[in-house]
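Fold and contact review
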Amino acid sequence: MQEVKLISKEPALVFALSGEIDSGNADEFYEEVTAAYTAKPCNIVFECAALEFIDSTTLGTFVKILKKVKQDGHTLRITSLQPRLKKLFVICALDRIMEIEP
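Residues numbered from 1 in each chain as written. Predicted model: local features only at pLDDT ≥ 70, side-chain atom pairs only at ≥ 80, totals over all residues. Heavy atoms only, no water.

1. Some details on the overall build of the protein chain
Secondary structure summary: the protein chain contains three helices and five strands in total. Order of helices (α) and strands (β) in the protein chain, N terminus to C terminus: β-β-α-β-α-β-α-β. Scaling as 2.2 N^0.38, a compact globule of 102 residues should have a C-alpha radius of gyration of about 13 Å, and the protein chain matches this with 12 Å. Principal-axis analysis of the C-alpha atoms places the extent of the protein chain at approximately 30 × 30 × 20 Å. For the protein chain, buried positions account for 42% of its 102 residues. Excluding contacts between residues fewer than 6 apart, the proportion of contacts in the protein chain whose partners are at least 24 apart in sequence is 66%. Summed over its atoms, the accessible surface of the protein chain is roughly 5500 Å², and 53% of this surface lies on carbon and sulfur atoms. Taking the 12 positively charged and 15 negatively charged side chains of the protein chain as two groups, their mean positions are separated by 7 Å. (Helix = DSSP H or I, 4+ residues; strand = E, 2+ residues; numbered from the N terminus. Rg over C-alpha atoms; globule rule 2.2 N^0.38 Å. Buried < 20%, exposed > 50% of the residue type's maximum accessible area, 1.4 Å probe, protein only. Contact = heavy atoms within 4.5 Å. Areas by Shrake-Rupley, 256 points an atom, 1.4 Å probe, with all protein chains shown as cover. Lys, Arg positive; Asp, Glu negative; His and termini not counted. Charge placed at Lys NZ, Arg CZ, Asp CG, Glu CD.)

Following this line, the structure appears as structure tokens:
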């Protein structure tokens, strides 16, 4: 089960992610984030301290969101990733195209 909670709209959209985001719910995750972004285009921050699991579909979803916000001149930042999840971003070299903070 995953939870995507919009916790702030100013100055950026800040989403707290928790649980598991995988191929079964990645589309729902994408829809929730893009709906909020469409309503208020700005930078996006994902707070991931409570995120427990992601798969390759989720990594692709992050990239889709990144492309959308970059196209509009905004940024995407991921914070508080657990080390084992951060490793996935590093292995796929996604840490080179998106901002990932400890």
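So much for the structure itself; the text now carries on.
2. Topic: unusual backbone geometry
Residue proline 11 follows glutamate 10 across a cis peptide bond; omega there is -10 degrees. Among the secondary structure elements, proline 11 is positioned in the loop between β1 (2-8) and β2 (13-21). With a phi angle near 60 degrees, alanine 93 is a residue other than glycine that sits in the positive phi range. Position of alanine 93 among the secondary structure elements: in the loop between α3 (83-91) and β5 (99-100).

3. Thoughts on the nonpolar core
Leu17, Phe46, Ile78 and Phe89 are the most contacted members of the largest nonpolar core, which has 30 residues in total. Elements that contribute at least two residues to this core include exactly β2, α1 (26-39), β3 (44-54), α2 (56-71), β4 (76-79) and α3. When residues no more than four places from it in sequence are discounted, the contact partners of phenylalanine 46 are Phe15, Leu17, Phe29, Val33, Phe62, Ile65, Leu76, Arg77, Ile78 and Thr79. (Core = buried A, V, L, I, M, F, W, Y, C linked by side-chain atoms within 4.5 Å.)

4. Describing the pairing of β2
Burial analysis of β2 places seven of its nine residues in the buried class, the great majority of the element. Across six bridges, β1 lies against β2 in antiparallel orientation. Each bridged residue has a counterpart across the sheet, and for serine 8 the counterpart in β2 is valine 14. From the end of β1 to the start of β2, which pair antiparallel, there are four residues. Bridge analysis of β2 against β3 gives eight bridges, and the strand direction is parallel. Among the inter-strand pairings, serine 18 is bridged to a residue of β3, identified as alanine 50. After leaving β2, the chain enters α1 and then returns to the sheet as β3, a path that is right-handed. (Pairing = 2+ DSSP bridges. Right-handed = clockwise from strand over helix to strand, strands pointing away.)

5. Structural notes on the packing of aromatic side chains
Two descriptors summarise a pair of aromatic rings, namely the distance from one centre to the other and the angle between the planes of the rings. Within this structure, the stated rule accounts for five aromatic pairs. Each residue in the set Phe15, Phe29, Phe46, Phe62 and Phe89 is aromatic and connected to the rest through ring pairs, giving one cluster. Across from the ring centre of tyrosine 30, 4.2 Å away, lies the NZ or CZ of lysine 64, which sits over that ring. (Phe/Tyr/Trp six-rings, centres within 6.5 Å; stacked < 30°, edge-to-face > 60°. Lys NZ or Arg CZ within 6 Å of the ring centre and 35° of its normal.)

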